[in-house]
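Fold and geometry: a report
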Amino acid sequence: MNIDMLIDGILDSYERYGLVNRSGNFPNRQNVVEVLSDLQFLVFPGFRIAEEIEPINIRYVTGQRVNNIIAKLTCEIQKSLIFIKNSKENCKNTSDDITKSHCFKLAEKTAFALIEEIPEIRRMIQLDTIAAYNGDPAAKSNEEVILSYPGLEAILVYRIANFLYKNGVPIIPRIMTEHVHGKTGIDIHPGAKIGESFFIDHGTGVVIGETCIIGNNVKIYQGVTLGALSVKKNLQNKKRHPTIEDDVTIYANATILGGDTVIGKGSIIGGNTWVTESIPAGTVFTQEK
C-alpha cells in the first residue's frame, strides 16, 4: 500500500462521514482560544502573558488587544451565526461586501459589547479573587490566587463566555468553557447563572450544568456535581439543574441533582452526599452514619 492509497482512504472518509470545516465556514477553535487569551490579558494585564506593563505603554498594549479581539471575534461570531440553521437573525450573507452584511454588523456589535463589559467582568472577578483569598487559609495573596488557582481561571472564562451566551452567540461560549475545562478539570456550562464572590477550591472534577442557578458567596470543593436527574433530549428547554442560594458551602464529591432542587441560604452540604430534594435554609446536611 502506498501513500496515495492512504490519502485516498482518508479523503473517502471525509465524503462518507462529513464533519469537515470546509472553507473555514465554522468557528475556528484556535482563533477563539487566541481571543480568550487576549480577553484574559485585559482582565489581568501582566499576569497571563510575559509582557512588561508600564504607565507609558499600557494604553498602547491595551488598544492592541482590543483591536485584535474585535477583529477576530467578529469574524468567529459571524461564522457561528451563519452556521446555525434557522437563525432568528437570518444571518445569510446577502451583500458582496461582507462588512455590510446584517450578520457582520450583528457580530461586530456583540464584540464591541463584550469589550464594553470588561470593566464589569473585572469588578466581578475581583470579588471572586477576594472570596478565594478569604476562603482558603493556604492563599498568601490575591496575586497568588490570580496566578495559580485553577478555580479562578475557570470562573473568569465562564464570566466571559456567559456574556456571549446571554447575547445569543452560539458555539463560541462552549469552545471557551470546554477549553478551560481541559486545562483545569472544571466544567462550567456558559448558560449557568452564577452570582458574586464565587469560590471553587481545588476544583478538579467540578461540574455545573447549563440551567444551574448559584447565588452570592457560594463556596464549592473538588468533585462537586450540580447536575440533572435526567439527560433526556426532550428536556433541553427545561430547568434541569439545581438552585444554590446565597452563602452555601458544598464539600468535596457532593452530588446535587434536579431542576426543582433548591439548597437554602446558608446551608452546608457535606462531602460524598447525594441530594435530589430541596434543603431548607441553614441546614447542615451530611451522610447518614
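What this report covers is the structure whose coordinates are included nearby.

The rules behind each value
- Residues numbered from 1 in each chain as written.
- Predicted model: local features only at pLDDT ≥ 70, side-chain atom pairs only at ≥ 80, totals over all residues.
- Heavy atoms only, no water.
- Helix = DSSP H or I, 4+ residues; strand = E, 2+ residues; numbered from the N terminus.
- Buried < 20%, exposed > 50% of the residue type's maximum accessible area, 1.4 Å probe, protein only.
- Contact = heavy atoms within 4.5 Å.
- Areas by Shrake-Rupley, 256 points an atom, 1.4 Å probe, with all protein chains shown as cover.
- Axes fitted to C-alpha atoms, helices over the stretch in contact; angles between N-to-C directions.
- Parallel < 35°, antiparallel > 145°, perpendicular 65-115°, else oblique.
- Phe/Tyr/Trp six-rings, centres within 6.5 Å; stacked < 30°, edge-to-face > 60°.
- Lys NZ or Arg CZ within 6 Å of the ring centre and 35° of its normal.

**A word on the overall build of the protein chain**
Scanning the protein chain for helices and strands turns up seven helices and 14 strands. Considering only C-alpha atoms, the protein chain reaches an extent of 65 × 55 × 45 Å along its principal axes. Of all 289 residues assigned to the protein chain, the portion counted as buried reaches 43%. Taking the contacts inside the protein chain whose residues are at least 6 apart along the sequence as the reference set, 48% of them involve residues at least 24 apart. For the protein chain, the exposed surface amounts to about 15,900 Å²; the carbon and sulfur share of it is 52%.

**As for the environment of Cys75**
As for its placement among the helices and strands, Cys75 is situated in helix 3 (residues 58-83). You can call Cys75 partly exposed: its relative accessible area is 35%. Taking the C-alpha atoms as reference points, Cys75 and Val207, separated by 132 residues in sequence, lie 30 Å from one another.

**Let's talk about the packing of helix 2 (residues 29-43) against helix 6 (residues 150-166)**
Closest axis-to-axis distance for the helix 2/helix 6 pair is 11 Å, and the angle between their directions is 105 degrees. In terms of their interaxial angle, helix 2 and helix 6 are classed as roughly perpendicular. Residues Leu36, Leu39, Gln40 and Val43 of helix 2 pack against Glu153, Leu156, Val157 and Ile160 of helix 6.

**A short note on the packing of aromatic side chains**
Applying the stated criterion across every chain yields a total of two aromatic pairs. Summarising the aromatic geometry, the rings of Phe44 and Phe47 are spaced 6.1 Å apart at their centres and angled 70 degrees between planes, so their arrangement reads as edge-to-face. Looking at Phe47, the relative accessible area reads 29%, which means it is partly exposed. For the pair Tyr221 and Tyr251, a centre-to-centre distance of 4.9 Å together with 20 degrees between the ring planes defines the contact as stacked. Within this pair, whereas Tyr221 is found in the loop between strand 6 (219-220) and strand 7 (225-227), its partner Tyr251 is found in the loop between strand 9 (249-250) and strand 10 (255-257), the two being separated by 30 residues in sequence. A cation sits over an aromatic face here: Arg65 above Phe41, 4.1 Å from the ring centre.

These results come straight from atomic positions and should not be treated as a statement about function.
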